[in-house]
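# Breakdown of the fold
This is what each chain is made of:
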Amino acid sequence: MSKAGAFDLASGLGGKIEKSDVLSAVDKYEKYHSDFGGAEEDRKANYTDMVNKYYDLVTSFYEYGWGESFHFAPRWKGESLRESIKRHEHFLALQLGLKPGHKVLDVGCGIGGPLREIARFSSTSVMGINNNEYQITRGKALNRVAGVDQTCDFTKADFMKMPFADNSFDAVYAIEATCHAPDAVGCYKEIFRVLKPGQSFAAYEWCMTDAFDPNNKEHQKIKAEIEIGDGLPDIRSTRQCLAALKEAGFEVIWENDIAKDSPLPWYLPLDTSHFSLSSFRLTAVGRFITKNMVMGLEYVGLAPKGSQRVQSFLEKAAEGLVAGGKKEIFTPMYFFLARKPQ
């Protein structure tokens, strides 16, 4: 039930930002990043503003091109992108051992695509936490359309300071979301706090792999492209994520970079050498059409000024993601399953 047309894309651009303020918001967002003189310390100190601006600016693009679930997935030959995304979400539910009646938390839930899929797959109640008002408004509308509004809901809050009581949830998961946290230990400690003793937390994390060389200029450029194009204060290594989990108090059951085992590259939908009718909008031709459509919509005033700039840094992100994937220095699916001790 995602937005599908050009008018829907244009009307959603900028999210809750006033249309006349979108260009200014793009300027402020870009200045957080290294290509525009920004520093990692500033991004971490102002992560709430940075991430909110990012999702106000890009959510309409994401939904137009990707659907309701804003994440990657390992993919089998002959499997569509949408099928692989659903399977990736089901895998998470199975790893957590979700059962009917469980109360589950989705940390950094976007517009709730995974939340709805997991709730229907496992017959659970899922609460999504998200600090972006536009995404929550959109998610609630999609919940009503999907008929899960009685069992699934959203809370607008910062996942570094969650408004839930201790030991509230039977399971917690995060899909490519806690990478936005300025401090992994602090984020994982909050998740630990709201999770019931003996229960599990599972996540797919965006990470730099052991192949990343912080002194390599090309590697630095790729990392910076991913950070500006995806609203990230920094990108942690897999080792840093694992250490942060343990420091937060979790027992790690198992962890692995699932991208390594994917029969088809996880970045294939963004690779301009790849063509697919089922995900046409993500192909080089589809993105070229979108670019020109956004240019036209902005020119006639249907899309706010600054929309082309947003589309441009999303293109830069795609280039960085593909390059990072091909060089195996970046993964969007470092998976772990961890338990809170009894």
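Anyway, here's the lowdown on the structure attached to this text.

Cut-off values and rules
- Residues numbered from 1 in each chain as written.
- Predicted model: local features only at pLDDT ≥ 70, side-chain atom pairs only at ≥ 80, totals over all residues.
- Heavy atoms only, no water.
- Helix = DSSP H or I, 4+ residues; strand = E, 2+ residues; numbered from the N terminus.
- Rg over C-alpha atoms; globule rule 2.2 N^0.38 Å.
- Buried < 20%, exposed > 50% of the residue type's maximum accessible area, 1.4 Å probe, protein only.
- Areas by Shrake-Rupley, 256 points an atom, 1.4 Å probe, with all protein chains shown as cover.
- Lys, Arg positive; Asp, Glu negative; His and termini not counted.
- Charge placed at Lys NZ, Arg CZ, Asp CG, Glu CD.
- Pairing = 2+ DSSP bridges.
- Axes fitted to C-alpha atoms, helices over the stretch in contact; angles between N-to-C directions.
- Contact = heavy atoms within 4.5 Å.
- Parallel < 35°, antiparallel > 145°, perpendicular 65-115°, else oblique.
- Left-handed = near helix turned anticlockwise from the far one by under 90°.
- Nonpolar A, V, L, I, M, F, W, Y, C, P; charged D, E, K, R; others polar.
- Right-handed = clockwise from strand over helix to strand, strands pointing away.
- Polar contact = N/O pair within 3.5 Å; in protein donor to acceptor, adjacent residues only side chain to side chain.
- Phe/Tyr/Trp six-rings, centres within 6.5 Å; stacked < 30°, edge-to-face > 60°.
- Lys NZ or Arg CZ within 6 Å of the ring centre and 35° of its normal.

## Considerations on the overall build of the protein chain
Along the backbone of the protein chain there are twelve helices and seven strands. For 342 residues, the compact-globule formula gives about 20 Å, and the C-alpha radius of gyration of the protein chain, at 19 Å, lands near that figure. Once the C-alpha set of the protein chain is aligned to its principal axes, its extents read approximately 60 × 50 × 45 Å. Looking at the 342 residues of the protein chain, the share that counts as buried comes to 59%. With the model as given, the accessible surface of the protein chain reaches about 14300 Å², and the carbon-plus-sulfur share is 52%. Counting 42 positive and 45 negative side-chain charges, the protein chain places the averaged centre of each group 2 Å from the other.

## A closer look at the sheet that holds strand β4 (residues 169–175)
Sheet architecture is open: seven strands sit in the order β3-β2-β1-β4-β5-β7-β6, paired in mixed fashion. Only two strands of the sheet have a single partner each, and these edge strands are β3 (152–156) and β6 (251–257). Neighbour-to-neighbour, the strand axes of the sheet open up by a mean angle of 20 degrees, direction not taken into account. Relative to β4, strand β1 (residues 103–107) runs parallel, the two being bridged by three bridges. When the bridges of β4 are listed, D106 appears paired with Y173. Packed on one face of the sheet, helix α7 (residues 133–146) meets β2 (125–130) and β3 and runs near 170 degrees to β3.

## With respect to the packing of helix α2 (residues 22–30) against helix α4 (residues 47–66)
Relative orientation of the contacting elements α2 and α4 amounts to 135 degrees, with a least axis distance of 10 Å. For the element pair α2 / α4, the angle class is oblique. In this structure, the crossing between α2 and α4 has a hand that is left-handed. Judged by residue contacts, V22, A25, V26, K28 and Y29 of α2 engage M50, K53, Y54 and L57 from α4. Residue composition of the contact of α2 with α4, by class: seven nonpolar, no polar and two charged.

## What about the pairing of β1?
In terms of burial, β1 is largely enclosed, as four of its five residues are buried. Relative to β2, β1 runs parallel, the two being bridged by five bridges. Paired with D106 across the two strands is G128, which belongs to β2. Following the chain from β1 across helix α6 (residues 113–122) to the adjacent parallel β2, one finds a crossover that is right-handed.

## What about helix α8 (residues 184–194)?
Burial analysis of α8 places eight of its eleven residues in the buried class, which makes it a mostly covered element. Residues of α8 that are buried: A184, V185, G186, C187, Y188, E190, I191 and V194. Each element contacted by the buried residues of α8 is listed here: β1, β4, β5 (195–208), α10 (238–248) and β7 (330–339). Residue D183 occupies the N-cap position of α8, its side-chain oxygen lying 3.3 Å from the main-chain nitrogen of V185.

## As for the environment of D149
As for its placement among the helices and strands, D149 is situated in the loop between α7 and β3. Judged by relative accessible area, D149 falls into the partly exposed class, the value being 34%. Each C-alpha atom of the pair D149 and M127 lies 11 Å from the other, and the pair is 22 residues apart in sequence. Each residue touching D149, except ones within four places of it in the same chain, is listed here: N143 and R144. In this structure the side chain of D149 is engaged in a polar contact, spanning 3.5 Å, whose partner is the side chain of Q150.

## Description of the packing of aromatic side chains
Under the criterion given, the structure shown has 24 aromatic pairs. Residues F91 and W254 carry aromatic rings whose centres are separated by 6.4 Å and whose planes lie at 90 degrees to one another, so their mutual orientation is edge-to-face. Within this pair, whereas F91 is found in helix α5 (residues 81–96), its partner W254 is found in strand β6, the two being separated by 163 residues in sequence. An aromatic cluster is present here, built from Y29, Y54, Y55, Y62, F70 and F313 joined pairwise through their rings. Over the ring of F169 we find K103, and its NZ or CZ is 5.2 Å from the ring centre. The ring of F192 has K340 sitting right over it, with the charged end atom 4.9 Å from the ring centre.

Note that every value here comes from positions in space, so none of it alone points to a role or purpose.
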